[in-house]
Amino acid sequence: MTTMDTLIALVNRIQRACTVLGDHGGDAFPTLWEALPSVAVVGGQSSGKSSVLESIVGRDFLPRGSGIVTRRPLVLQLYKTEEGIQEHAEFLHLPKKRFTDFSLVRKEIEDETDKVTGKSNRISPVPIHLSIYSPHVVNLTLIDLPGLTKVAVDGQPESIVQEIEGMIFSYIEKPNCIILAITPANQDVATSDAIKVAREVDPAGERTFGVLTKLDLMDKGTNALDVLEGRSYRLRNPWVGIVNRSQADINRKVDMISARQREREFFASISDYAHIASRMGSEYLAKLLSKHLESVIRAQIPGIASLINRTIDDLEAELAHLGRPVAIDAGAQLYTILELCRDFDQVFKEHLDGGRPGGNQIYIVFDHQLPAAFRKLPLDQHLSLQNVRKVILEADGYQPHLIAPEHGYRRLLESSLNYFKGPAQASVEAVHFVLKELVRKSIAETQELKRFPTLQAEIAAAANEALERFREDSKKTTLRLVEMESSYLTVDFFRKLPQETDKGGNPSLSSADRYSEGHFQRISSNVLSYVGMVSETLRNTIPKAVVHCQVREAKRSLLDHFYTLLGKKEGRELAQLLDEDFVLTDKRQQCARRLELYRSARDEIDAVCWSG
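Analysis parameters
In this convention, every chain numbers its residues from 1, walking through the sequence in written order. This being a predicted model, a pLDDT of at least 70 is required before a residue's local features are given, and a value of 80 or more before pairs of side-chain atoms are given or counted; all residues contribute to the totals for chains, interfaces and linings. Note that the side-chain values use all heavy atoms of the structure and ignore hydrogens as well as water. We count a stretch as a helix when DSSP gives it H or I for four or more residues in a row; a strand needs E for two or more, and each element gets its number in order from the N terminus. Three labels apply to residues, based on accessible area from a 1.4 Å probe with only protein chains included: buried if under 20% of the type maximum, exposed if over 50%, partly exposed otherwise in between. Throughout, a residue-residue contact means that at least one pair of heavy atoms, one from each residue, lies within 4.5 Å. With a 1 Å grid laid over protein atoms only, a set of points is called a cavity when a 1.4 Å probe fits there but cannot get out and a pocket when it is open yet has protein on both sides within 12 Å along at least five of seven lines; lining residues have an atom within 4 Å of a point. Grid points are joined across faces, edges and corners, and a volume is the space filled by probe spheres set on the points. Note on residue categories: nonpolar means Ala, Val, Leu, Ile, Met, Phe, Trp, Tyr, Cys or Pro, charged means Asp, Glu, Lys or Arg, and polar means any other residue, Gly included. Ring geometry is summarised as follows: Phe, Tyr and Trp rings, the Trp one being its six-membered ring, pair when their centres sit within 6.5 Å, and such pairs are stacked at plane angles under 30 degrees, edge-to-face over 60 and tilted between the two. Per residue, pLDDT captures the predictor's confidence, and it can take any value from 0 to 100. Pairing between two strands requires that DSSP report at least two bridges joining them. Here, nonpolar core refers to any group of buried Ala, Val, Leu, Ile, Met, Phe, Trp, Tyr and Cys residues whose side-chain atoms link them within 4.5 Å. To get an axis, fit a line to the C-alpha atoms, keeping to the stretch in contact for a helix; angles then go from 0 to 180 degrees between the N-to-C directions. Our angle categories are set so that under 35 degrees counts as roughly parallel, over 145 as roughly antiparallel, 65 to 115 as roughly perpendicular, and the remainder as oblique. The hand of a helix crossing depends on one turn: near helix anticlockwise from the far one by less than a right angle means left-handed, and clockwise means right-handed. Only one rule defines a salt bridge in this text: a Lys or Arg side-chain nitrogen within 4 Å of an Asp or Glu carboxyl oxygen.

**A closer look at the overall build of the protein chain**
Turning to step 1, where the next piece is worked out: When its secondary structure is counted, the protein chain shows 23 helices and nine strands.
Turning to step 2, where the next piece is worked out: Taken over 612 residues, the protein chain has a buried fraction of 47%.
Turning to step 3, where the next piece is worked out: Expressed as a percentage of contacts within the protein chain between residues at least 6 apart in sequence, the contacts between residues at least 24 apart total 80%.

Rendered as structure tokens:
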């Protein structure tokens, strides 16, 4: 086998491997499959497509009949083997089964077609992949497509004509596709369906090979020299004439070796074709296509190699992004879990410290929400003249106060300061909400952690449980701060009260003055002044308590309890935590297989090219 034969066989293997991995590419970027050349067989119904393929293969293996026989694309890959190796066929959907009886190959094609299309005349774009290994073939990839038709027949949708054309164009419009346009000799080439569709995607005829079939069925006294010699319709590549087996030959089970011999005799014995007999026939066509493939591959090797190298780089980057496979050893699993926890904890701290967004929401709680809550407290209503009078008079009981209504003051102050418990608790809850949200974001942003949904859930549960504890501690501390303010009132404030005098300088007040509106207004003003002083204090101490009890503890010991629990887990429990998302597992395996394919392709292409 020559160097280029080896390279063509390698191209076939790569295409097959791409198919196994589903690496067919798409509109976004070309794939290796699309970069490699193949041969699409195009022709009208009953044009002799199947006979041409069977002649190239040298085996009778394709379904036959009237109407649309080929109802799914058949990707046929031929591999030339050494003499003495038994011919056999393999289907991609039956990877472990070898077919040596080619009548069973035909049956399998029919059955596999019916699985998708049913026993009808409908078509499907889902291809059947068949490989044939034989010493009597050349290395080629041929794609047999449904025959072109002009009208729908019974059982077919009206759109069948457009569906077939659309399927054919999806293959032949690719610039690396070689078009084998089959036209029967008893039909005017100007009306050939195959030539018509080939001209639309290849107007210069640079990648079209014309094949003229049924030359033996032409009227006596006529010939096809104008077509075969390129005068009727010129292509860059030569036309090739084929003499297929007749239906009578098929019925008599004339083998391909005999059919090829009769084909050679036909061209040699007909005077019109004798001078071109060496360039006619199915054997010559196969060699011509193989030689053309060789030149195409030679020209495209640099581009193919570049594509392979770019894809390898992309796949390696993707594989690194998907992460390493999960370790089996319990010690390694524990190490992996601890590493992931540390990664999460680092992201969480970055949110709090400003490396990532989110931590600033805590500052907003202290700088905006808490002061706003203080301003909204109903102190004006609580210290209204009517409520102050009520509280003061009730505090006196049966014994009116002598100098200052101390009990009344205390009740007003304590009840006023109780209002600050609401904003204090709201600050705790607001910071708790921010911390919970940062835990959620940090889990989502810890890249490696995305692989393990079970571990994600466990870390989230452990972190939120810790935040609940911090919240309770913070709530107790902030409420205690408020209670401390109401438990002990500043002494200086009370000492000033007996010194209040009216403008006349009389420190004592008459009974009437004690219950005057001005007296109660002074009490309200004094209480409000004291409450304002306490408010300024709490504006500073509540944030400190919240940060100390919640934020600092979250930074310092968010997962401490979880680490303790991890130390008690056994190997099976650790493995469950690293129960990776099956989608990612499958994606990594697919990526690894594709990477292996592309590396192998690169190495083999390099080896073949260097040896050549």
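Having put the structure on the table, let's press on.
**Thoughts on the layout of surface pockets**
Turning to step 1, where the next piece is worked out: There is about 640 Å³ of room inside the largest pocket.
Turning to step 2, where the next piece is worked out: Every residue lining the largest pocket is counted, 30 residues in all, and those nearest its centre are Val57, Gly58, Arg59, Met256 and Ile257.
Turning to step 3, where the next piece is worked out: Taken together, the elements giving at least two residues each to the lining of the largest pocket come down to α3 (49-57), α4 (102-117), α8 (247-251), α9 (256-269) and α10 (282-322).
Turning to step 4, where the next piece is worked out: The residue makeup of the lining of the largest pocket, split by class, is 11 nonpolar, six polar and 13 charged.

**Looking at the packing of aromatic side chains**
Turning to step 1, where the next piece is worked out: As enumerated under the stated definition, the model contains seven aromatic pairs in all.
Turning to step 2, where the next piece is worked out: Centre to centre, the rings of Phe266 and Phe267 are 5.3 Å apart; their planes meet at 80 degrees, and the pair counts as edge-to-face.
Turning to step 3, where the next piece is worked out: The exposure class assigned to Phe267 is buried, which follows from its relative accessible area of 1%.
Turning to step 4, where the next piece is worked out: For the pair Phe344 and Phe348, a centre-to-centre distance of 6.2 Å together with 25 degrees between the ring planes defines the contact as stacked. Of the two residues, Phe344 and Phe348 are both situated in helix α11 (residues 330-353); the distance of four residues between them amounts to about one turn of the helix.
Turning to step 5, where the next piece is worked out: On the basis of relative accessibility, which here comes to 0%, the residue Phe344 falls in the buried class.

**Regarding the confidence of the model for the protein chain**
Do not read the predicted coordinates in detail wherever pLDDT is low.
Turning to step 1, where the next piece is worked out: Per-residue pLDDT for the protein chain has a mean of 83; in total, 87% of the residues score no lower than 70.
Turning to step 2, where the next piece is worked out: The secondary structure element of the protein chain with the lowest average pLDDT is helix α19 (residues 511-514), at 55, and the one with the highest is helix α16 (residues 421-445), at 95.
Turning to step 3, where the next piece is worked out: Long-range and interchain partners of residues 501-509, a stretch whose pLDDT sits below 50, account for five contacts in this model, where long-range means more than four residues apart.

**A closer look at the pairing of strand β2 (residues 74-80)**
Turning to step 1, where the next piece is worked out: When you tally the buried positions in β2, you get six out of seven residues, the bulk of the element.
Turning to step 2, where the next piece is worked out: Relative to strand β5 (residues 128-134), β2 runs parallel, the two being bridged by seven bridges. By the bridge assignment, Leu78 is partnered in β5 with Ile132.
Turning to step 3, where the next piece is worked out: Pairing geometry for β2 and strand β6 (residues 140-144), over five bridges, is antiparallel. Of the residues in β6, the one forming a bridge with Val75 is Ile143.

**Thoughts on the nonpolar core**
Across soluble globular proteins, you tend to see nonpolar side chains buried next to one another.
Turning to step 1, where the next piece is worked out: Counting 63 residues, the largest nonpolar core has Leu455, Ile459 and Leu558 as its most contacted members.
Turning to step 2, where the next piece is worked out: With 12 residues, the top contributor of residues to this core is helix α20 (residues 517-557).
Turning to step 3, where the next piece is worked out: In this structure Leu455 touches Ile337, Leu340, Leu449, Phe562, Leu577 and Leu578, once residues within four positions along its chain are discounted.
Turning to step 4, where the next piece is worked out: By size, the runner-up hydrophobic cluster in this structure holds 40 residues, among which are Leu212, Leu235, Phe266 and Phe267.

**Re unusual backbone geometry**
Turning to step 1, where the next piece is worked out: A positive phi angle, near 60 degrees, is found at Lys214, a position not held by glycine.
Turning to step 2, where the next piece is worked out: Among the structural elements, Lys214 can be located in the loop between β8 (208-213) and α7 (225-228).
Turning to step 3, where the next piece is worked out: Taking relative accessible area as the criterion, Lys214 reaches 22% and is therefore assigned partly exposed.

**Brief notes about the packing of helix α17 (residues 453-487) against α20**
Turning to step 1, where the next piece is worked out: Put simply, α17 and α20 touch, their axes get as near as 9 Å, and they point 160 degrees apart. Relative to α20, the element α17 is oriented roughly antiparallel. Between α17 and α20 lies a crossing whose hand is right-handed.
Turning to step 2, where the next piece is worked out: Within the contact of α17 with α20, the residues separate by chemical class into 12 nonpolar, seven polar and four charged.

**Concerning the pattern of salt bridges**
Turning to step 1, where the next piece is worked out: Tallying each qualifying case throughout the model produces 31 salt bridges.
Turning to step 2, where the next piece is worked out: The salt bridge involving Lys49 is made with Asp144; its shortest N-O contact spans 2.9 Å. Of this pair, Lys49 sits in helix α3 while Asp144 sits in strand β6, and the two are 95 residues apart along the sequence. The residues Lys49 and Asp144 share a single accessibility class, namely buried.
Turning to step 3, where the next piece is worked out: Note that Glu468 is salt-bridged to Arg471, the shortest N-O span being 2.4 Å.

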